[in-house]
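Understanding the architecture of this molecule
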Amino acid sequence: MNRDLTEGEPQKVLWQFCMPLFGSIIFQQLYNIADSFVVGKFVGEKALAAVGNSYEVTLIFIAFAFGCNIGGSVVVSRLFGTRAYGEMKTAVYTSLIATGALCAVLMMAGIFGSGWLLELIRTPPEVLADSRLYLDIYVWGLPFLFLYNVSTGIFSALGDSKTPFYFLAASSLANIGMDVLFVKGFQMEVAGVAWATFLCQGVSCLLAVGVVLHRLAGIHVEEKVKIFSWRLLGRIAVIAVPSILQQSFISIGNIIIQGAINGFGPSVMAGYSAAVKLNNLVITSLTTLGNGISNFTAQNIGANKMPRVRQGFRAGLKLVWILCVPIVLLYFLAGRYLVYLFMEDITGEAIETGVLFLRILSPFYFLIAVKLAADGVLRGAGLMGRFMVATFTDLILRVVLALVLSVPFQSVGIWCAWPAGWVIGMILSIVFYCRGPFQAESSAGAQN
């Protein structure tokens with residue numbers, strides 16, 4: 001069901017829109033968490049390290065898919081807000097076609113380059129074969145990953161956050177069952193979790209694309225709708241390319257950090273693999289809520305309702321802080337039991353590594369939540385230059401500090417680099433938000 005985000009009380013509208021998005025990303029993260037959980041419990045520590053090691057490489061592909069999602073979503077949101085439905089349809093078709101072409105290029109790069117990348121990050125020989133196997137299967141599922149992400153972005157642009165939630169809830173629960181079946185029942189080990197993800201993402205992708213096309217067919221316009229537009233592709237690229245660069249550089253930074261972590265051996269790798277999945281669950285959830293703020297911002301800027309943009313930011317900030325409270329308490333106080341979910345030995349070095357990682361990072365979730373909420377407004381307003389400055393400063397500082405501090409303080413120094421980058425990035429994002437054009441009053445924007 002399409003929903004207009006330019007009408008109604010801003011906090012109520014934004015919260016109702018964002019909560020299904022939050023639920024969706026929780027289920028989406030279950031894909032990776034389930035993979036680590038199943039191999040850690042039923043195969044062993046080295047298999048867990050292999051899946052976690054491969055996960056850092058898959059984040060590069062996810063970065064491109066995320067960029068395609070947000071680029072199409074912001075442009076479609078703006079056109080939906082201005083009621084330009086014919087052009088909006090063209091933007092959707094253009095986004096799907098361009099994403100398919102980009103995905104084909106990345107598949108070729110993944111098929112021929114993933115093994116080289118695993119060696120580049122100093123993957124230990126005892127986990128290299130399983131890491132390569134997982135990645136080889138994952139790459140063939142990239143079309144499902146990309147087209148599904150674009151489809152969910154379109155749903156969000158139309159104000160519908162519930163449909164993606166239903167798809168992800170069903171496919172994620174199915175993925176957990178298939179992980180256990182393939183790994184424990186069929187004894188497929190690491191390959192089993194990769195094939196389970198491939199199949200479940202494939203089904204959810206086909207359903208999502210089908211519903212998007214059906215939804216568009218129900219929006220009637222007078223003019224003939226073009227299937228592809230270079231002009232609209234340019235508008236999408238203005239948002240998508242910086243988002244792709246942002247996420248790609250974050251992924252590359254994580255790969256560099258993974259290379260430093262790999263030097264401490266499989267036990268530290270396994271502990272980090274478990275803890276970083278829990279950390280990424282939070283960061284990705286907050287980022288997705290930021291995407292919801294982007295859609296809210298874009299629709300209201302399209303309708304020239306600038307005061308609602310500021311009201312939406314305040315409502316979004318309140319929402320992410322409320323969600324952070326139980327997460328921070330859980331991770332800081334009960335992190336050992338969460339990390340133990342992925343392992344059999346509750347006293348080993350891997351467990352201690354994961355617990356310390358969570359205790360160092362979790363108190364700073366309140367700060368990164370502020371940054372991601374502000375980033376959502378910047379993206380929705382098309383202020384991508386400012387968005388990139390804040391994000392790249394965070395990333396560069398985090399990577400440099402991780403490499404420098406890992407020498408005197410070993411792995412603990414790497415964990416401390418995260419909060420340092422988050423603090424500086426948050427300050428920059430808030431400064432850029434406060435200087436945004438939506439801070440000026442407009443006569444048209446006085447409407448609610």
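Residues numbered from 1 in each chain as written. Predicted model: local features only at pLDDT ≥ 70, side-chain atom pairs only at ≥ 80, totals over all residues. Heavy atoms only, no water.

Remarks on a nonpolar patch on the surface
Quick reminder of the rule: Residues with no salt bridge and a relative accessible area higher than 30% make up the patches, which join like charges within 9 Å and nonpolar side chains (Val, Leu, Ile, Met, Phe, Trp, Tyr) within 5 Å. We get accessible surface area from the Shrake-Rupley algorithm with a probe of 1.4 Å; when it comes to residues, only the shown protein chains can shield them. Salt bridge, as used here: a side-chain nitrogen of Lys or Arg that lies within 4 Å of a carboxyl oxygen of Asp or Glu. Every helix listed is a DSSP run of H or I at least four residues long, and every strand listed is a run of E at least two residues long, numbered separately from the N terminus.
Together, Val241, Leu245, Phe249, Ile252, Ile256 and Leu403 give the surface a local cluster of nonpolar side chains, amounting to about 460 Å² of exposed area. With five residues, the single largest contributor to the nonpolar patch is helix α8 (residues 230-262). Mapping Ile252 onto the fold places it in helix α8.

Re the pattern of salt bridges
Pairing is possible between side chains that carry opposite charge, provided their charged atoms lie close to one another. Definition in use: Working definition: with a 1.4 Å probe on protein chains only, accessible area under 20% of the residue-type maximum means buried, over 50% means exposed, and in between means partly exposed.
Counted by the stated rule, this structure contains seven salt bridges. Asp160 is the partner of Arg215 in a salt bridge, and the nearest nitrogen-oxygen pair spans 3.0 Å. Placement of the pair is Arg215 in helix α7 (residues 189-217) and Asp160 in the loop between α5 (142-157) and α6 (162-185), with a sequence separation of 55 residues. For Arg215, a relative accessible area of 18% gives the class buried. On the accessibility criterion, Asp160 (3% relative accessible area) is buried. Put simply, Asp375 and Lys371 hold a salt bridge, and the shortest N to O gap is 2.6 Å. Of this pair, Asp375 and Lys371 both sit in helix α12 (residues 365-380), four residues apart, which is roughly one turn of that helix. Side by side, Asp375 and Lys371 carry an identical accessibility label, which is buried.

Side note on the nonpolar core
This is how the line gets drawn: To define a nonpolar core, start from buried Ala, Val, Leu, Ile, Met, Phe, Trp, Tyr and Cys residues and group those joined through side-chain atoms within 4.5 Å. In what follows, a contact means two residues having at least one pair of non-hydrogen atoms within 4.5 Å.
In this structure, Phe357, Tyr365, Trp415 and Trp418 are the most contacted members of the largest nonpolar core, which totals 86 residues. Listing elements by their share of this core, those giving two or more residues are α1 (10-42), α2 (45-81), α8, α9 (266-302), α10 (306-340), α11 (349-361), α12 and α13 (384-434). The element contributing the most residues to this core is α9, with 17 residues. Discounting chain neighbours no more than four positions away, the residues touching Tyr365 are Asn279, Val282, Ile283, Leu286, Cys324, Ile327, Val328, Tyr331 and Trp422. Phe80, Val92, Met107 and Leu168 belong to the second largest nonpolar core, which has 58 residues in total.

Some details on the packing of α8 against α9
Stated formally: Inter-axis angles, ranging from 0 to 180 degrees, are taken between N-to-C directions of lines fitted to C-alpha atoms, where helices are fitted over the stretch in contact. When an angle is under 35 degrees it counts as roughly parallel; over 145 it counts as roughly antiparallel; between 65 and 115 it counts as roughly perpendicular; any other value is oblique. Note on residue classes: Ala, Val, Leu, Ile, Met, Phe, Trp, Tyr, Cys and Pro are nonpolar, Asp, Glu, Lys and Arg are charged, and everything else, Gly too, is polar.
At a minimum axis distance of 8 Å, the contact between α8 and α9 shows a crossing angle of 140°. With respect to α9, the axis of α8 lies oblique. Contact with α8, carried on its side by Gln258, Ile261 and Asn262, involves Val268, Met269 and Tyr272 of α9 and no other residues of that element. The residue inventory of the contact of α8 with α9, partitioned by class, reads four nonpolar, two polar and no charged.

Brief notes about the packing of aromatic side chains
Heads up, the condition is: Geometry of aromatic contacts follows a simple scheme: Phe, Tyr and Trp rings, the Trp one being its six-membered ring, pair when their centres are within 6.5 Å, and the pair is stacked under 30 degrees between planes, edge-to-face over 60, tilted otherwise.
On inspection of all chains with the given rule, the structure shows 17 aromatic pairs. Ring geometry for Tyr134 against Tyr138: centres 6.4 Å apart, planes inclined by 20°, an arrangement best described as stacked. Within this pair, Tyr134 and its partner Tyr138 are both found in helix α4 (residues 125-140), separated by four residues, close to a single helical turn.

Digging into the environment of Met426
Note that Met426 resides in helix α13. In contact with Met426, other than residues within four places in its own chain, are Leu367, Val370 and Lys371.

A few points about the confidence of the model for the chain
Applicable threshold: Scored between 0 and 100, pLDDT is the confidence that the predictor attaches to each residue.
Confidence in the prediction for the chain averages 84 pLDDT; 95% of positions are at 70 or higher. The secondary-structure element of the chain with the lowest mean pLDDT is α1, recorded at 77, while α12 shows the highest, at 92. The low-confidence segment residues 442-448, where pLDDT is below 50, has 17 contacts with residues more than four positions distant or belonging to other chains.

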